[in-house]
Amino acid sequence: MRSAETNSTRSVLESDLLWGTYRPNLYFGTRPRLPDSLLSGLMWFGLSGQRSPESIRHSCELGDNLGEYGYARHNGRDFGEQTMLDTDQGVEIKSEFIKVPGENGGSWAARFSGRALTEDPDGISLMYYFGLEGDGAMKMSVLDDMLTIKGKTPELGRFNIRIVPAQDNETPQLPEALRKEIGISSINKISGVALMVPKTDVWRAKDFISQKMLTSARARMLKIIKHTGSKGPFPGHALFGLDTDIPKKKGKNLMFAQMVVQGEFSFDVIYECADETAKIDHESIGSIASNKRKEFDARFESVFGLHGKGFSDPEVEMARNALSSLIGGIGYFYGSGLVSKEPKPEYYQGGIRIAEPELSAPYSLFAATPSRPFFPRGFLWDEGFQQLVLGHWDSDLSMEILRSWFRTMDGDGWIAREQILGEEARSKVPKEFQVQYPNFANPPTLLFPLEMFSSWARAANASQSLEAANNVNDDIQDASTTDHGSKAMRKDLGEMAVYVSRMLEFFHKTQAGEIPVSGSEQRMNAAHGFRWRGRTMDHTLTSGIDDYPRARPPSAGELHVDLYSWVAYMEIVNSDIAVYADGSVNATNKKAAALSDSKTETYLHWLDELHWNEDEHMYCDVTEHVRDDYDELEDDESTATERVFVCHRGYISLFPVLLGLVPPGSAKLGHILDMVEDPDELWTDYGIRSLSKSDQYYGKGEDYWRGPIWIN
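The model shown is predicted, which means the values in this text are computed figures rather than measured ones. (Residues numbered from 1 in each chain as written. Predicted model: local features only at pLDDT ≥ 70, side-chain atom pairs only at ≥ 80, totals over all residues. Heavy atoms only, no water.)

1. A look at the overall build of the protein chain
Short version of the rule: By the criteria applied, helices consist of DSSP H or I runs no shorter than four residues and strands consist of E runs no shorter than two, each listed in order from the N terminus. Three exposure classes are used, based on accessible area relative to the maximum for each residue type with a 1.4 Å probe and protein chains only: buried under 20%, partly exposed in between, and exposed over 50%. By definition, residues are in contact when any of their heavy atoms lie within 4.5 Å. Throughout, the Shrake-Rupley method with a 1.4 Å probe supplies accessible areas, and for residues the shown protein chains are the sole cover considered.
When helices and strands are tallied, the protein chain shows 18 helices and 27 strands. Expressed as a percentage of the 712 residues in the protein chain, the buried residues total 54%. Looking at the protein chain alone, contacts between residues at least 24 apart form 68% of all its contacts between residues at least 6 apart. With an accessible surface of roughly 31600 Å², the protein chain has 50% of that area assigned to carbon and sulfur atoms.

2. Digging into the pairing of strand 11 (residues 157-165)
The condition that has to hold: Two strands are said to pair when DSSP picks up at least two bridges between them.
Strand direction decides the pairing type here: strand 10 (residues 146-153) and strand 11, joined by 7 bridges, are antiparallel. Paired with T148 across the bridge in strand 11 is R162. Where strand 10 folds back onto strand 11 in an antiparallel hairpin, the turn is made up of 3 residues. As paired elements, strand 11 and strand 14 (residues 264-273) share 7 bridges and run antiparallel to each other. Paired with N160 across the two strands is E272, which belongs to strand 14.

3. A few points about the confidence of the model for the protein chain
Close inspection of predicted coordinates is inappropriate in any region flagged by low pLDDT. Applicable threshold: Across the chain, each position has a pLDDT score giving the predictor's confidence in that residue, from 0 to 100.
Residues with a pLDDT of 70 or more make up 86% of the protein chain, whose mean pLDDT is 87. Considering only residues more than four positions removed or in separate chains, one finds that residues 1-6, a stretch of pLDDT under 50, has 9 contacts. This model gives residues 518-524 a pLDDT under 50, and the stretch forms 2 contacts once residues within four places in sequence are excluded.

4. Quick notes on unusual backbone geometry
Note that the residue after R552, namely P553, is joined by a cis bond; omega there is -5°. Here P553 shows up in the loop between helix 14 (524-528) and helix 15 (561-580). Unusually for a residue other than glycine, H617 sits at a positive phi of about 55°. Residue placement: H617 occurs in the loop between strand 21 (612-613) and strand 22 (618-619). According to the relative accessible area criterion, H617 is partly exposed, its value standing at 29%.

5. Brief notes about the sheet that holds strand 27 (residues 709-711)
Which entries qualify depends on this criterion: To obtain an axis, a line is fitted to C-alpha atoms, over the contacting stretch when the element is a helix, and the angle between two such axes runs from 0 to 180 degrees between their N-to-C directions.
Reading across the sheet, the 3 strands line up as 25-26-27 and stay open at both edges, with antiparallel pairing between neighbours. Either end of the sheet is taken by a strand with one partner, and the two such strands are strand 25 (683-684) and strand 27. Pairing between strand 25 and strand 26 (residues 687-689): 2 bridges, direction antiparallel. If you follow W683 over to strand 26, its bridge partner there is I688. Each of strand 26 and strand 27 touches helix 17 (residues 651-658); the most contacted strand, strand 27, lies at about 10° to it.

Below is the structure:
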């Protein structure tokens, strides 16, 4: 049971993190961490062509060829800024996002400022929208060069939205003949359109407004042709500048504001909750953002100390952008995933048919994303690495993400390696990769940040306070860890320990080697070894090291050294968290620690027995081959095969070292370091090659993990 203090901390955290830029698949978009709620997003396009709506910018796409986007600063809570440079559409846009605390997640504002990159008289169309996926209502009006939306939902309560273009924004001028002779309205500073769309399709806002503009443009074009006889080309702003269209019929759940601009421009989007203490003054957005920018820079130096370590301004800027882009890639996802109820047949099992996959019950995930344009969803393999960085910056935020991931775990301890939740997420994934299989594991990298937090908790306990621990452990230099508090951290670790134990059971049950090595029952788990399920001839996607060379062909007799290392590491971290989660040191915990040490020794023994190749002086995968001297007429079939090493110098052979399993005094460590330091094998001036330059597969195929540097 959580204490009142811990519950209060959780309540404040959930409110602080309710609203955010949690639609990382968009260049800019916001939503609360609530299912079926209020979404918003930015769109833009240049008006120089008669097919302009086909080039609307909305979701992050590699094909858009933006010269720049991604956050330069983002603190994960109440501030973020980025620049979007789109030379193809002739515009540069800067976004500044701020929040003010209050009821139901508080209020927020986004200021968009920028400039047209050309003197094209047709200008730029800027659009911002709000869409309601669930229950609630919205009403829009346009008055005095400002668009307002009043609304309410069961979770957010009442809210007010204002979209306010700057007074000095310039709009293109329609030719006088079009205004006087044909009666096409002049372009207003802002216009609004309200639509009713299926709630499940609100995410398709771009499609709906594109269709609306094309329909309107065709009508205008016919009108111009009828009155002038001209066949064009026609000014883009004359065709695609929308007139305000707000039908009186209730039920509109997708509302757009459009501003057509030239030259320099800016506009503000202000969302206010009903809390009177959380109002945002249009004039104060700039000063709030400026203060937050200074606070971010000061805190970044306090946490990471890069200037103090001698890094140059450009190097610090690069690091700041990297952190901010990671944080700006955090998203909230809700929906159903495609899951098979049956294990996927292995490569060597032929054409076994299994039941069609089904949509799971809908659930949510709060996660960082590895790539906003290409992988805008949660990846289990990536998340642990991401949280090692984020955990130093904001341990509360990091723990919230870890908690969300673990709560997706099913009763067997399985977590889907790709979280493709809902139709919007599935629209970005080829069908052959959408289904998740319950026999497919993924490296348990979530344990990396948990191990880090556990070490902080132990240091805090030893010093009686996290503040004292900061003075002992240079790694705990992040002010955010003190926000979390040692008691809350230990309670969270206690909750996580339950999940880690269940995950460990899942690996033992589903990833164990199928042909045991002779040995006693007491050594069975370790002596079996482990094998990744989901192999193909050229890929082991489940391992995270996709195309790294393995045994050919795949077989049930394989044992994978990286997977063995992961399981041994899980055993160590699981025991570590369980022992230190409550921060106490007593007889029971000492006994558990001793048992953990014994279990670790067993795993390390069998790691060497199964995977160390003394001839090659390296750790290797293992597979089964038919013996050269096997006589199928004379010999027993059970003796037909023998185990052989599959050795490819590179990351796979380094895993026992990378996960800290090889003792510093081990003679094996010297051989491994010799391999790493050899420029003909792994060493380069820029980092460690993923595969040795001397390997037959080096640089071959798709060349993802066959040489490229991932560790530096």
